[in-house]
Amino acid sequence: MAFGKSFVLCSPFSGTAVIEGGKPVADVVIERRWVWSWNDETGSDRTVTDANGKFEFPLVEGSSMSAMFLPHEPNIRQTIIAHTPGGEVEIWNAIKATYEMNSEMDGRPIKVICHLDKEPSADGLYWGTCVEDE
């Protein structure tokens, strides 16, 4: 039997890496990092874009016995970086403020298009280069 309650730290994430004109970029290493402020728990995972520029990250859960009982405001910093031949591009930087699934996108599944040839900014969904995929 597991002790503690599970909390959603990072919702499942799917994206497409593109460059100018929407051209998909294959074989790019995409790294996701997170920091859960409750206990300074950190983690990361990596994936590689496929021939169509697609990449996915699974759900990340954390567990804590004390967080289950003590009132607190969730704070999970999420950063996603594309490791391109030209250097690192921060494509997503967000703070998740609830433990609800998909709260990063107000309940919608995270499905984005990330532009690897743009400077990160606050013009998209969050700081970075990603816009919602329709």
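Anything mentioned here points back to the structure above.
It should be emphasised that the depicted structure is a prediction, and the values quoted were computed from it without experimental measurement. (Residues numbered from 1 in each chain as written. Predicted model: local features only at pLDDT ≥ 70, side-chain atom pairs only at ≥ 80, totals over all residues. Heavy atoms only, no water.)

## Here we look at the nonpolar core
Applied cut-off: Here, nonpolar core refers to any group of buried Ala, Val, Leu, Ile, Met, Phe, Trp, Tyr and Cys residues whose side-chain atoms link them within 4.5 Å. Working definition: with a 1.4 Å probe on protein chains only, accessible area under 20% of the residue-type maximum means buried, over 50% means exposed, and in between means partly exposed. Where helices and strands are cited, they refer to DSSP runs of H or I of at least four residues and of E of at least two residues respectively, numbered from the N terminus. Two residues form a contact once any of their heavy atoms are found within 4.5 Å.
With 19 residues, the main nonpolar core has Phe-13, Ile-30, Ile-91 and Trp-92 as its most contacted residues. Counting residues per element, the ones that place at least two in this core are β2 (13-19), β6 (54-57), β8 (76-84), β9 (87-96) and β10 (110-115). A total of four residues in this core trace back to one element, the largest contributor, which is β9. In this structure Phe-13 touches Arg-32, Phe-55, Glu-56, Phe-57, Ile-80, Trp-92, Ile-110 and Val-112, once residues within four positions along its chain are discounted.

## What about the environment of Asn-75?
The residue Asn-75 is located in the loop between α1 (65-69) and β8 in this model. With a relative accessible area of 31%, Asn-75 lands in the partly exposed category. The contact partners of Asn-75, leaving out residues within four places of it in the chain, are Val-35, Trp-36, Ser-37, Ile-95 and Lys-96.

## Observations concerning the pairing of strand β4 (residues 29-36)
Inclusion rule: Pairing between strands requires that DSSP locate at least two bridges from one strand to the other.
Relative to strand β5 (residues 41-48), β4 runs antiparallel, the two being bridged by eight bridges. By the bridge assignment, Val-29 is partnered in β5 with Val-48. Hairpin remark: β4 followed by β5, antiparallel, with four residues in the connecting loop; positive phi at Asp-40, about 55°. Bridge analysis of β4 against β8 gives eight bridges, and the strand direction is antiparallel. Within β8, the position partnered with Ile-30 by the bridge is Ala-82.

## Let's talk about empty space enclosed by the protein
Test applied: Note on definitions: the grid is 1 Å and covers protein atoms alone; a cavity is a set of points where a 1.4 Å probe fits but cannot get out; a pocket is an open set with protein on both sides within 12 Å along at least five of seven lines; lining residues have an atom within 4 Å of a point. Grid points are joined across faces, edges and corners, and a volume is the space filled by probe spheres set on the points. When residues are grouped by polarity, Ala, Val, Leu, Ile, Met, Phe, Trp, Tyr, Cys and Pro land in nonpolar, Asp, Glu, Lys and Arg in charged, and all others, Gly among them, in polar.
Within this structure, the stated rule accounts for one cavity of 30 Å³ or more. The calculated volume of the largest cavity comes to roughly 40 Å³. For the largest cavity, the full set of lining residues is Cys-10, Ser-11, Phe-13, Arg-32, Gln-78, Ile-80, Trp-92, Glu-104 and Ile-110. For the lining of the largest cavity, the class distribution of residues is five nonpolar, two polar and two charged.

## Things to note about the packing of aromatic side chains
Operational definition: Side-chain rings of Phe, Tyr and Trp (the six-membered ring for Trp) are treated as a pair once their centres are within 6.5 Å; stacked means planes under 30 degrees apart, edge-to-face means over 60, and tilted covers the remaining angles.
All chains considered together, the criterion is met by seven aromatic pairs. Ring geometry for Phe-13 against Trp-92: centres 5.0 Å apart, planes inclined by 85°, an arrangement best described as edge-to-face. Taken together, the residues span a long stretch of sequence, with Phe-13 in strand β2 and Trp-92 in strand β9 at a distance of 79 residues. Trp-92 shares its class with Phe-13; the two are buried. Between Trp-92 and Tyr-126, the aromatic rings sit 4.9 Å apart at their centres with planes inclined by 65°, giving edge-to-face as the arrangement. Within this pair, whereas Trp-92 is found in strand β9, its partner Tyr-126 is found in the loop between β10 and β11 (127-128), the two being separated by 34 residues in sequence. Pairwise contacts between aromatic rings join Phe-13, Phe-55, Phe-57, Trp-92 and Tyr-126 into one cluster.

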